[in-house]
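# Report on the structure
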Amino acid sequence: MNIRTATLQDIDQIAAVEKECFPAAEAATKEEFEQRLSHYADHFWLMFEDDTLIAFVDGMVTDQADLTDEMYENASMHQEDGAWQMIFGVNTLPAYQNHSYAGELLKRAIADAKDQGRKGLVLTCKDRLVHYYAKFGFENEGVSESVHGNVVWNQMRLKF
């Protein structure tokens, strides 16, 4: 498996993986990914098997401590020198799940954020995934203000 950051040429595969991993109300669109990639492609961690994208983790960097819905929609909020690495999506194609690929990508995102001098990482997740992210050191801060996709989200934070 090959892990690297993204380029605009990856957009079709990124959008296709997202579409398979999230319900339509929660999935980012190709246009949203185009905006994100134009602002923070280095904050997309992609895993390939040969030439096929099988998993990715993405998110922006900001000085804001909490993940907000506006961040999903407004890529220009990215601050390259920001304190917090936000994680918007942890995606693995269904055929490749349960092989720790997402975990490898999360570990890479965590290591990169630490190397870049961030305070830590923030993500939101559904109740069933709180335990999963806790294994990486994320602490549940309770229900997030996010209503992205009309879902209840828990905000989780990993501090360095």
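All figures in this text were calculated on a predicted structure; none of them were measured in a lab.

### Let's talk about the packing of aromatic side chains
The tally for this structure, following the rule as stated, stands at 9 aromatic pairs. Ring geometry for F44 and F56: centres 6.3 Å apart, planes at 20°, overall stacked. In this pair, F44 sits in strand β2 (residues 44-49) while F56 sits in strand β3 (residues 52-58), placing the two residues 12 residues apart along the sequence. Given the relative accessible area of 0%, F44 is considered buried. Since its relative accessible area comes to 0%, F56 is described here as buried. Both rings, one in Y133 and one in F138, keep their centres 6.1 Å apart while their planes meet at 75°; by these two values the pair is edge-to-face. Take Y133 and F138: they sit in the same class, and that class is buried. Members of the aromatic cluster, connected to one another through ring pairs, are F33, Y40, F44 and F56. The ring of W84 is capped by R157, whose NZ or CZ atom sits 4.6 Å from the centre of that ring.

### Some remarks on helix α1 (residues 11-21)
Inspection of α1 places I11, I14, A15, V17 and E18 among the buried residues, and these make up the whole buried set. Relative to the axis of α1, the buried residues are bounded by an arc of 165° and lie together on one face. Opposite the packed face of α1, turned more than 90 degrees from it, sit the exposed residues K19 and E20. Here the buried face of α1 lies against α2 (30-40), β2, β3 and β6 (89-92).

### Description of the sheet that holds β6
Here 4 strands make up an open sheet; going across it, the order is β1-β2-β3-β6 and the pairing antiparallel. Edge positions in the sheet fall to β1 (2-5) and β6, since each of these pairs with one other strand and no more. Looking at each pair of strands side by side, their axes are set apart by 20° on average, direction ignored. In this structure, β1 lies alongside β2, joined through 4 bridges in antiparallel fashion. Opposite N2, over in β2, you have F48 as the bridge partner. Its contacts with the sheet put α2 on β2 and β3, and the angle it makes with β2 is roughly 110°. Running at roughly 145° to β2, helix α4 (residues 101-115) makes contact with β1, β2, β3 and β6 of the sheet.

### Structural notes on the environment of F33
Summarising the element assignment, F33 is placed in helix α2. Once the C-alpha coordinates of F33 and I11 are considered, the two residues, 22 residues apart in sequence, prove to be 6.8 Å apart. Each residue touching F33, except ones within four places of it in the same chain, is listed here: I11, I14, A15, E18, A28, F44, F56 and D58.

Definitions and cut-offs
Residues numbered from 1 in each chain as written. Predicted model: local features only at pLDDT ≥ 70, side-chain atom pairs only at ≥ 80, totals over all residues. Heavy atoms only, no water. Phe/Tyr/Trp six-rings, centres within 6.5 Å; stacked < 30°, edge-to-face > 60°. Helix = DSSP H or I, 4+ residues; strand = E, 2+ residues; numbered from the N terminus. Buried < 20%, exposed > 50% of the residue type's maximum accessible area, 1.4 Å probe, protein only. Lys NZ or Arg CZ within 6 Å of the ring centre and 35° of its normal. Arc of directions from axis to C-beta. Contact = heavy atoms within 4.5 Å. Pairing = 2+ DSSP bridges. Axes fitted to C-alpha atoms, helices over the stretch in contact; angles between N-to-C directions.

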